[in-house]
Amino acid sequence: MDHFQLKNGVLHAEDIPLSQIAEEVGTPVYVYSRATLERHARVFREGLKDAGKVHLAFAVKANPNLAVLRILANQGYGADVVSGGELQRALAAGMKAEDIVFSGVGKSREELTLGLDQGIGQFNLESEEEGVMLAEIAASRGEKASATLRVNPDVDAGTHAKISTGKKENKFGVAIDVAPAIFARLSQLDGLDLRGVAVHIGSQLQSLDPLETCYARMGELVAQLRGAGHTVTHVDLGGGLGVPYKPEDNPPSPAEYGAMVARVTRDWDVTLMFEPGRVIAGNSGVMITRVIRIKPGLGSDFVIVDAAMNDLMRPAIYDAWHDFEAVEPSGETMTASIVGPICESSDIFAKERVVDRLETDDLGIFRTAGAYGATMANTYNSRPLVPEVLVDGDRYAVVAERIEPATIMAAEHVPDWLK
Ligand SMILES: *Cc1c(COP(=O)(O)O)cnc(C)c1O
């Protein structure tokens, strides 16, 4: 369910016509719906109502916009961060330090120190080496860092290879068979309060089966750790729930997910932690683009739009599908390839697809662009950095400005010795 619907023949975000935003802010532009974000945050939480004590940490990398993070903070969410920059954003958006979890396979000494300086709630350690470094830094300050050990459960998430993280050949976490030994060694260190384990097997999961297999293995691990005399109070079950990108997609609902979690974890007696990203933000955003011109192609026409792979990278890097619709559909359709202006053949959003008929200067949207959209945008081909807008009922605000090439060039320098 989202709040991007046709009203009087024009697609709206809540009560604002998308054509108005396109006129006033320009295109391409991302548009987020506050009501949709809040709804998804609520539905995810309600899905876990039978799962006991729960901590929710929004995966900041899915959508790090400060206004989006503020909405989630107001919904009682903390943050799952994977860099010092994301940590700063979560704090700037008003998330409490103790509600922040620091994940990421390559946390630097500086980032670990920043986390300690800020008093974050938990570090998810991705290796024994990282645990040793964190313990050493914390001990030198007379502190103990709260941490879990991220485990690689060797489960195939059944999703795109580039967003699978839980197979033994992936770089994430420590292999589940060596986890008890590593846990035992790390738990001896003065600077660590090793309180549990964490897992995250991938993103855009279309089935609960791999998650259930993974969580069952985590349950066995918890029992094994306790059997060895360790105290386990926290288990972080990660994120990964998929969203529908196509009308026929049917990912598990948060309620189905929550019921599975409640069943599998019934006897664990821990605080369960979750790191949802896409399932909260995905359908809460669209990207508006304008047709530059239409060019005849071999099989079908090329609709050349003013958005490109630098603005929305998912189709280019994951072969991802985003539904494309006219902002003011005529009811007619056409078969076309939707492409951006960038000088790469991968700059294509849709190949020979049946879409709403569009003419030059018409507006269209890519749906389900609220997660892993603007956050991955860049300025390749010296294009501006795409702006973001948040709609709330009948008002909207620009929550990230378009950054023009001149601003970016201002940070570049030609050294004197080239003059
Ligand atoms: C990316 C990531 C998430 C969020 O994944 P979604 O599929 O967006 O829910 C959660 N935890 C970790 C460790 C991640 O890297």
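Computed from a prediction, not measured in an experiment: that's the story for all the values here.

Parameters at a glance
- Residues numbered from 1 in each chain as written.
- Predicted model: local features only at pLDDT ≥ 70, side-chain atom pairs only at ≥ 80, totals over all residues.
- Heavy atoms only, no water.
- Helix = DSSP H or I, 4+ residues; strand = E, 2+ residues; numbered from the N terminus.
- Rg over C-alpha atoms; globule rule 2.2 N^0.38 Å.
- Buried < 20%, exposed > 50% of the residue type's maximum accessible area, 1.4 Å probe, protein only.
- Contact = heavy atoms within 4.5 Å.
- Pairing = 2+ DSSP bridges.
- UniProt positions renumbered as here; feature names shortened; annotations may be inferred.
- Axes fitted to C-alpha atoms, helices over the stretch in contact; angles between N-to-C directions.
- Parallel < 35°, antiparallel > 145°, perpendicular 65-115°, else oblique.
- Left-handed = near helix turned anticlockwise from the far one by under 90°.
- Nonpolar A, V, L, I, M, F, W, Y, C, P; charged D, E, K, R; others polar.
- Lys, Arg positive; Asp, Glu negative; His and termini not counted.
- Salt bridge = Lys/Arg side-chain N within 4 Å of Asp/Glu carboxyl O.
- Polar contact = N/O pair within 3.5 Å; in protein donor to acceptor, adjacent residues only side chain to side chain.
- Near = heavy atom within 4 Å.
- Areas by Shrake-Rupley, 256 points an atom, 1.4 Å probe, with all protein chains shown as cover.

**Student:** Tell me about the overall build of the protein, and please be specific about residues and values.
**Tutor:** For the protein, the helix and strand inventory stands at twelve helices and 21 strands. Here the C-alpha atoms of the protein give a radius of gyration of 23 Å, agreeing with the 22 Å that 2.2 N^0.38 yields for 419 residues. Here the C-alpha coordinates of the protein stretch approximately 70 × 60 × 40 Å along the principal axes. Burial analysis of the protein (419 residues in total) assigns 55% to the buried set. Residue pairs at least 24 apart in sequence account for 70% of intrachain contacts in the protein once pairs closer than 6 positions are excluded.

**Student:** Would you mind going over helix H5 (residues 109–118) in detail, with residue names and values included?
**Tutor:** Among the residues making up H5, those that are buried are Glu-111, Leu-112, Leu-114, Gly-115 and Leu-116. Here the buried face of H5 lies against helix H4 (84–92), strand S7 (100–102), strand S8 (122–125), helix H6 (128–140) and strand S9 (145–152). Downstream of H5 by a residue or two, Gly-119 has a phi angle that is positive, lying close to 70°.

**Student:** Could you give an account of the pairing of strand S2 (residues 10–13), with specific residues and numbers?
**Tutor:** For a regular strand, the rule is simple: side chains alternate between the two faces of the sheet. Along S2, one buried face is formed by Val-10 and His-12 and the opposite face, lined by Leu-11 and Ala-13, is buried too. Strand direction decides the pairing type here: strand S1 (residues 4–7) and S2, joined by four bridges, are antiparallel. Looking at the pairing, Phe-4 lines up with Ala-13 of S2. The loop that links S1 with its antiparallel partner S2 comprises two residues; one of these, Asn-8, has a positive phi angle of about 50°. Alignment of S2 against strand S3 (residues 16–17), held across two bridges, turns out to be antiparallel.

**Student:** So what's going on with the sheet that holds S3? Residues and values would help.
**Tutor:** Across the sheet, three strands lie side by side as S1-S2-S3; this open sheet has antiparallel pairing. Looking at which strands have only one partner, the edges of the open sheet turn out to be S1 and S3.

**Student:** Would you mind going over the UniProt feature "domain: Orn/DAP/Arg decarboxylase 2 N-terminal" (unreviewed entry) in the protein in detail, with residue names and values included?
**Tutor:** Mapped onto the present numbering, the UniProt feature "domain: Orn/DAP/Arg decarboxylase 2 N-terminal" (unreviewed entry) falls at residues 35–281. Note that residues 35–281 is 39% helix and 17% strand, and that its end C-alpha atoms are spaced 11 Å apart.

**Student:** Any details on the packing of H5 against H6? Residues and values, ideally.
**Tutor:** Two elements in contact, H5 and H6, have axes whose closest approach is 10 Å; the angle formed by their N-to-C orientations is 50°. One element, H5, and the other, H6, form an angle in the oblique class. With respect to the hand of their crossing, H5 and H6 are arranged in right-handed fashion. Of the residues in H6, those touching H5 at Arg-109, Leu-112, Thr-113 and Leu-116 are Glu-130, Met-133, Leu-134, Glu-136, Ile-137 and Ala-138. In terms of residue class, the contact of H5 with H6 is made up of six nonpolar, one polar and three charged.

**Student:** Break down the side chain of Asp-323 for me, with residues and values.
**Tutor:** Mapping Asp-323 onto the fold places it in the loop between helix H11 (314–318) and strand S16 (324–326). Although buried, Asp-323 forms no salt bridge, and the nearest oppositely charged side chain, Arg-353, lies 4.6 Å from it. A distance of 2.7 Å separates polar atoms of two side chains, one belonging to Asp-323 and the other to Trp-321. Those residues within four positions of Asp-323 in sequence are excluded, and the remaining contacts are Tyr-245, Lys-246, Pro-247, Arg-353, Ile-365, Phe-366 and Arg-367.

**Student:** So what about the site of the ligand? Which residues, and what values?
**Tutor:** Among the 14 residues in the neighbourhood of the ligand, the closest are listed as Lys-61, Ser-203, Glu-275, Arg-278 and Tyr-372. In the environment of the ligand, an oxygen atom lies 2.8 Å from a nitrogen or oxygen atom belonging to the side chain of Lys-61. Measuring from a nitrogen atom of the ligand, one finds a side-chain N or O atom of Glu-275 at 2.5 Å. When the ligand sits alone it has 390 Å² of accessible area, and the protein chains cover 93% of it. Classifying every residue of the shell around the ligand by side-chain character gives three nonpolar, six polar and five charged.

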